[in-house]
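# Structural features, examined
The primary structure of each chain is shown beneath.
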Amino acid sequence: MATIHHRYATVRGQQLFYREAGPQDAPVVVLLHGFPTSSFMFRDLIPLLADRYHVIAPDHLGFGLSDAPSVDDFDYTFDALADLTSGLLAQLGVSRYAIYVQDYGAPVGWRLALADPAAVTAIISQNGNGYEAGFAEEFWKPVRAYWEEQSPQTEPGVRGALTLEAIRWQYLHGVADESLVSPDTWHHDLASVSRPGNDLVQLKLFADYANNLPLYPKLHAYLRESEVPVLAVWGRNDEIFAPAGALAFADDAPHAEIHLLDGGHFLLESHLDQAADLIRGFLNRNLS
């Protein structure tokens, strides 16, 4: 079993927590988590990659064990989260790396790739969206309303995502055998988003998510021009980011490897071994 280190670094005046494992001189794989979780979601995947790869899994600012300054003290945007991630990697001396993106990790990863296309050696998307086709209409309807106007009328539609019931649903929907998913997951995430003032952090990011969509054409051009290797391994039953979002990668990355597994949004909780086998095979073929 790989030794996993639990570390902190101060980047741009903010303390970021990250998990790190594997040989320092091995190809780097950066794991970027989604909402409402943290690098905790990779706790079981990291040992399965770290025998051969240098794995780094940070907590975004406002999530997990990283700092969570108030919205009055920090302007929470996906631009800002990507800038902090870039700063962390630079501080660690990492200039070339593959990215694994899930949910919120996708817009962070896309910004890293667009800012420095030569840095990204491969892309693994696990329900990490980059296409309009990927938005599940029912889930995103209240979020889109909040994008249009942040008001007392639209806020309840997104604030509900911070409840125990909603977080539990994210983990269990689309999973045939719910007993495979540990309740530790949703209770861990609930504790994080329930910290004083963190609700406003999450609302700020819900609103800013609208600014990810204008990046999609640039992402698609990058995929076509760079020919970066792409693996999309998605839960086909995800009702947040639909499987059409995985299939769409083939439009711009014709050699993309696309696999739809019989799971949901947090695929690693129910299909860890199957997903890890696909990820390891993909990395072994594409990273030297």
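The paragraphs below set out a description of the structure included in this document.

Analysis parameters
- Residues numbered from 1 in each chain as written.
- Predicted model: local features only at pLDDT ≥ 70, side-chain atom pairs only at ≥ 80, totals over all residues.
- Heavy atoms only, no water.
- Helix = DSSP H or I, 4+ residues; strand = E, 2+ residues; numbered from the N terminus.
- Rg over C-alpha atoms; globule rule 2.2 N^0.38 Å.
- Buried < 20%, exposed > 50% of the residue type's maximum accessible area, 1.4 Å probe, protein only.
- Core = buried A, V, L, I, M, F, W, Y, C linked by side-chain atoms within 4.5 Å.
- Contact = heavy atoms within 4.5 Å.
- 1 Å grid on protein atoms, 1.4 Å probe; cavity = no way out; pocket = protein on both sides within 12 Å on 5 of 7 lines; lining within 4 Å.
- Points joined across faces, edges and corners; volume = space filled by probe spheres on them.
- Axes fitted to C-alpha atoms, helices over the stretch in contact; angles between N-to-C directions.
- Parallel < 35°, antiparallel > 145°, perpendicular 65-115°, else oblique.
- Left-handed = near helix turned anticlockwise from the far one by under 90°.
- Nonpolar A, V, L, I, M, F, W, Y, C, P; charged D, E, K, R; others polar.
- Salt bridge = Lys/Arg side-chain N within 4 Å of Asp/Glu carboxyl O.
- Pairing = 2+ DSSP bridges.

### Points about the overall build of the protein chain
When helices and strands are counted, the protein chain shows 12 helices and 8 strands. Relative to a compact globule of 288 residues, whose C-alpha radius of gyration would be 19 Å, the protein chain shows 17 Å and is just as compact. The principal-axis extent of the C-alpha atoms belonging to the protein chain is close to 50 × 40 × 40 Å. A burial count over the protein chain gives 58% of its 288 residues as buried.

### Things to note about the nonpolar core
In this structure, Leu31, Leu45, Tyr97, Tyr209 and Leu283 are the most contacted members of the largest nonpolar core, which totals 100 residues. Broken down by element, the residue count for this core peaks at 7 residues, all from helix H2 (residues 78-91). Sequence-distant contacts of Tyr97, that is, excluding residues within four places in its chain, are made with Val28, Val30, Leu89, Leu112, Ala119, Val120, Thr121 and Ala122.

### Describing empty space enclosed by the protein
Any empty space left between atoms is shown by rolling a water-sized probe over those atoms. A full pass over the atoms with the stated rule returns 1 cavity of 30 Å³ or more. The space that makes up the largest cavity amounts to roughly 50 Å³. What lines the largest cavity is Leu16, Pro58, Asp59, His60, Leu61, Leu81, Leu84, Thr85 and Leu88. Broken down by element, the lining of the largest cavity gets its largest block of residues, 4 residues, from H2.

### Topic: the packing of helix H3 (residues 105-115) against helix H9 (residues 216-226)
At their nearest, the axes of H3 and H9 sit 10 Å apart, and the two run at 60 degrees to each other. Between H3 and H9, the crossing angle belongs to the class labelled oblique. H3 and H9 meet at a crossing whose hand is left-handed. Where H3 abuts H9, its residues Trp110, Ala113 and Leu114 lie against Lys218, Leu219 and Tyr222. Split into classes, the residues belonging to the contact of H3 with H9 amount to 5 nonpolar, no polar and 1 charged.

### Quick notes on the pattern of salt bridges
Scanning the entire structure with this criterion turns up 12 salt bridges. Between Arg12 and Asp83 there is a salt bridge; the shortest N-O distance is 2.9 Å. Of this pair, Arg12 sits in the loop between strand S1 (4-11) and strand S2 (14-21) while Asp83 sits in helix H2; the two residues are 71 residues apart in sequence, bridging distant segments of the chain. Relative accessible area serves as the criterion here: at 52%, Arg12 is assigned to the exposed category. By relative accessible area, Asp83 is classed as partly exposed at 37%. One salt bridge in this structure joins Glu132 and Arg144, with 3.4 Å as the shortest N-O distance. With a gap of 12 residues between them, Glu132 in the loop between strand S6 (120-125) and helix H4 (137-148) and Arg144 in helix H4 connect regions that are remote in the sequence. The partly exposed category is assigned to Arg144, whose relative accessible area is 30%.

### A closer look at the environment of Ser125
Among the structural elements, Ser125 can be located in strand S6. For Ser125, a relative accessible area of 0% puts it in the buried group. Among all residues touching Ser125, those that are not within four sequence positions of it are Val101, Leu231, Ala232, Val233, Trp234 and Phe249.

### Some remarks on the sheet that holds strand S8 (residues 257-261)
With mixed pairing, the 8 strands of this open sheet are ordered in space as S1-S2-S4-S3-S5-S6-S7-S8. Strands with a single pairing partner mark the edges of an open sheet, and in this sheet they are S1 and S8. Strand-to-strand twist across the sheet, computed as the mean angle between neighbouring axes with direction ignored, equals 20 degrees. The sheet contact formed by strand S7 (residues 230-235) and S8 spans 5 bridges and is parallel.

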